[in-house]
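# An overview of the molecular structure
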Amino acid sequence: MNRTSANSASAHTARRLLGAALLLMGTLAMRIEARGLSYGAVTDAGLQRCDAMQAAGRRPAAQECWRALLNIADPVLQAEVSWALDDFRAANQLFQAATRARPNDAMLRVRWGELFIDTHQDSEAIKLFNEAIKLDAANAWARVNAASVLIGQYSKEAREYLDAVLKGKSPPGALLRAQLLAARVALEDGSDLDAAEQLLKQAMALATANNLPRQEVHALLAALAQIRNGNSAASIAAALQENPRYGELYLTLGHFQDIRRRYDEATALYRKALEVQPELWDAHVQLGTGLMRDNRFTEARTHFESAFKGDPYNPVTINTLRLLDSVARFDTLVWPEAAAGNAANATAPQIIVRVDKRESAVLAPYVRRLTEQAMAGYSQRYRFQLRQPVVIEIYNNHEDFAVRTAGMPGLGLLGVTFGHVLAMDSPSSRAVNDFHWGSTLWHELAHVYTLESTDHRVPRWFSEGISVYEEWRSGPIKGVSIPMFVYGALAAGKALPIADLDRGFIRPEYEQQVHVSYMQAGLTCDYIAQRWGFGKLADMLAQFRRGGTTAEAVQAALNISADTFDRQFGEWLRDRFGAVFAGLKPLTDARAAAAKAAADKQWSAAVPAAQQALRILPDDVEEGSPYVPLAMAQQALGQDDAARQTLLDYWQRGGYEPQALGTLAQLLYKAGRKDDAVAVMQSINYVAPFDYAQHGTTGDWLLELNRPGEALTEFQVALALNPPDQVMAHYRLARAHYALKSNAEARRELLHALEIAPSYRPAQQLLLELAGSPPKT
């Protein structure tokens, strides 16, 4: 449905860390129930009478009341009634006709805009609210509705709209809406619960004095108590006393548990919402989303199907149903595998992977190796054994991953963890070198442990900080890698107090703050581990598991106050990065000069520029790293030894550009350093695993090093990638099997090769050798 047609549904759109602030915060767009809770925006006495029945939970009576009004020849009234009876198309057409007849009616546009909010078409709604403001600059209803949409989009304009209502001479109902919206934002932010409480007290007084509905006030007071780990029973009872069918009470409580990643609690609350109000379609969507986070896809589908029947306009529902169809065609890999024919003695699975059938044979060995390595390390370091298998979902279509994450395409994340279930992009979903998928998996697996070991009570900043720290210190690419703009932000004093660090993830105040907060969180964990020892990170997790705040965890685990920590952390940052902070301008200039000189093949100019940049920041391995043009220049100048050392430094500090690493591997192999060459080649698999020639070369070198088991894996992956030279692919597999004394398998692969090229001499010779070998016992 749009402003001229009722046949289309709207959609919204939003790089890995920068999208994280939107995750979960936006999964529940708490739409105002414009019909039945209009807070005085509707002035017709007949409609008010029907709406009061709806607000009291008497929907059958309200429906009968509304139907009786359909006979009144007033298009505005008929539009409101059609909307109330869920006939959205008719309501849209009637609002459109009424607007043509009354072009200067601002409130008519406000109500039409609210219909668009109710049908998930925020862009159309905003247009109407702005039109209403042009007609009536003081229209508080238009401003509060615009604020409700813009807050969900994390727009800075939202505050301006909201403040205009809160500080102006607004009608009681619009002011109440603004107070509730501001309180909801404060609760989501979580940094000033006292401010949220004050707003809710004001809202309660205002609603009581003006005989306005109080059920949403009670719901948010219950959420406040829930967040404070207090008793919410009285507020819940008060809300249900006002409206026994107020399912949005539990929907609201579930939303705030979702924000805190208390997914099991949220799922239980969504179930209660449906017990109270079975036709609450948003609750079906949120329950289905929660079930998918717990790997319960079949049950989730039933709720999305119910939601679609009741609300076919919700793009989250439509997208998720399509996603479920796609996932049904994935391979499901289980490790360790059950013993065939011996289910009673089967080992319980620890890892379950869902991956596109076309990619499973390529990704499986590397996913398993990395996951098992991470789980063994995390279990030991964080003193915790997982109670459920880890479920890893790998999406070769980024938009499918985005839908899995937040219900909508366009999200800039690479991975997300819901507890024991994580989802991530496949390396095929993005351009080569766009991200290091092995580090993403390592990062997300750390979240599994921080979330599960604390019963999901760990604050977002600490869970992200641990994940970033583990990427740097134990992951597949080690080294502290920080983007240039983060150094700039830290140099400008934009580090947040540790007690408020969550705010940088949840409600960012500038474009790159989420990424800056990730890096600050990782550096915070690095600082704690360096100064007090790694064990203190595990001690802080224990404090969070007990429900402690950040300030309490710092005091208990580190024996200093949060304020003292902030001061000492700031000193540590300046000591560690002071030269970088002071040299950002010459560093940026030297980086640019090195890149330009290399692009222009001015090799003698590229070398000193790159070396100048690296003197300021030796750890610069981010995109545009000076190491790459420096090595290119050194090679072009015939300085292969210097180029090899430059690229080795780059790799050891965490650089992972595949072409640069391929060059390094060849230089190492040429220098006789075959083990190092193989290590570099294997590391490329965690960036760009879909190059069959790379796997073939790596396997050949592994055979030279008498490591046939690893060579076999590389050759199997190469064959799965359907290389053009199938003869060589099968011959290589035969060589690996022969080295492993798996003669039957070797013979089979040789016969495959000779079937394609009967005169291929190497295969003939190896087959003759096999004929003289005794069979494997």
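Here the structure is a predicted model, which is why all the values come from computation and not from measurement.

Turning to the overall build of the chain, a few remarks are in order. Each helix and strand counted, the chain has 38 helices and 5 strands in total. For the chain, the C-alpha radius of gyration of 30 Å lies close to 28 Å, the compact-globule estimate for 777 residues. Relative to its 777 residues, the chain shows a buried fraction of 57%. In the structure as shown, the chain presents an accessible area of about 31600 Å², 50% of it carried by carbon and sulfur atoms.

What follows deals with the side chain of R184. Topologically, R184 is positioned in helix α9 (residues 172–189). The exposure class assigned to R184 is buried, which follows from its relative accessible area of 8%. Of the polar contacts made by the side chain of R184, one reaches the side chain of E216; its length is 3.1 Å.

Attention now moves to the side chain of N319. With respect to the secondary-structure elements, N319 resides in helix α17 (residues 315–327). Setting aside its immediate chain neighbours within four residues, N319 contacts V403, G407, M408 and P409.

Tallying each qualifying case throughout the model produces 50 salt bridges. The salt bridge partner of D434 is R430, with a shortest N-O separation of 3.0 Å. Notably, a salt bridge pairs E704 with K674, separated by 2.8 Å at the nearest N-O pair. Taken as a pair, E704 in helix α34 (residues 692–704) and K674 in helix α33 (residues 674–684) lie far apart in primary sequence, 30 residues in all. Owing to a relative accessible area of 41%, E704 belongs among the partly exposed residues under this scheme. Residue K674 is classed as partly exposed on the basis of its relative accessible area of 30%. One connected set of salt bridges, linked through shared partners, spans E80, R111, E114 and R177.

The subject of this paragraph is the domain arrangement of the chain. By domain assignment, the chain separates into domain 1 (8–25 + 334–577), domain 2 (45–258), domain 3 (583–690) and domain 4 (692–777). Tallying the contact residues gives 5 residues for domain 1 and 6 residues for domain 4. Both faces considered, domain 1 and domain 4 share a buried interface measuring about 430 Å² in area, 69% of it formed by carbon and sulfur atoms. Run the count over domain 1 and domain 4 and you get 0 salt bridges. Applying the counting criterion to the domain 1 and domain 4 interface returns 2 residue pairs in polar contact (both at pLDDT 80 or more). The residue inventory of the side of domain 1 that touches domain 4, partitioned by class, reads 4 nonpolar, no polar and 1 charged.

Given a rise of 1.5 Å per residue, 18 residues ought to cover 26 Å, and the 25 Å separating the end C-alpha atoms of α9 matches this to within 8%. Burial of α9 is extensive: 17 of the 18 residues sit out of reach of the surface. A positive phi of about 80 degrees marks G190, the residue just after α9.

Before going further, it helps to spend a moment on the sheet that holds strand β5 (residues 421–425). Pairing within the open sheet is mixed, and its 5 strands lie in the order β1-β2-β3-β5-β4. With partners counted over all chains shown, the strands left at the sheet margins are β1 (330–335) and β4 (415–417), one partner each. Each strand of the sheet is rotated relative to its neighbour by a mean of 15 degrees, with strand direction disregarded. Of the pairings in the sheet, the one linking β1 to strand β2 (residues 351–356) comprises 6 bridges and is antiparallel in character. Residue pairing for β2: F330 is matched across the bridge by D356.

Calculation rules
Residues numbered from 1 in each chain as written. Predicted model: local features only at pLDDT ≥ 70, side-chain atom pairs only at ≥ 80, totals over all residues. Heavy atoms only, no water. Helix = DSSP H or I, 4+ residues; strand = E, 2+ residues; numbered from the N terminus. Rg over C-alpha atoms; globule rule 2.2 N^0.38 Å. Buried < 20%, exposed > 50% of the residue type's maximum accessible area, 1.4 Å probe, protein only. Areas by Shrake-Rupley, 256 points an atom, 1.4 Å probe, with all protein chains shown as cover. Polar contact = N/O pair within 3.5 Å; in protein donor to acceptor, adjacent residues only side chain to side chain. Contact = heavy atoms within 4.5 Å. Salt bridge = Lys/Arg side-chain N within 4 Å of Asp/Glu carboxyl O. Domains from an automatic or database assignment. Buried area = accessible area lost by both parts, 1.4 Å probe. Nonpolar A, V, L, I, M, F, W, Y, C, P; charged D, E, K, R; others polar. Expected span 1.5 Å × (residues − 1). Pairing = 2+ DSSP bridges. Axes fitted to C-alpha atoms, helices over the stretch in contact; angles between N-to-C directions.

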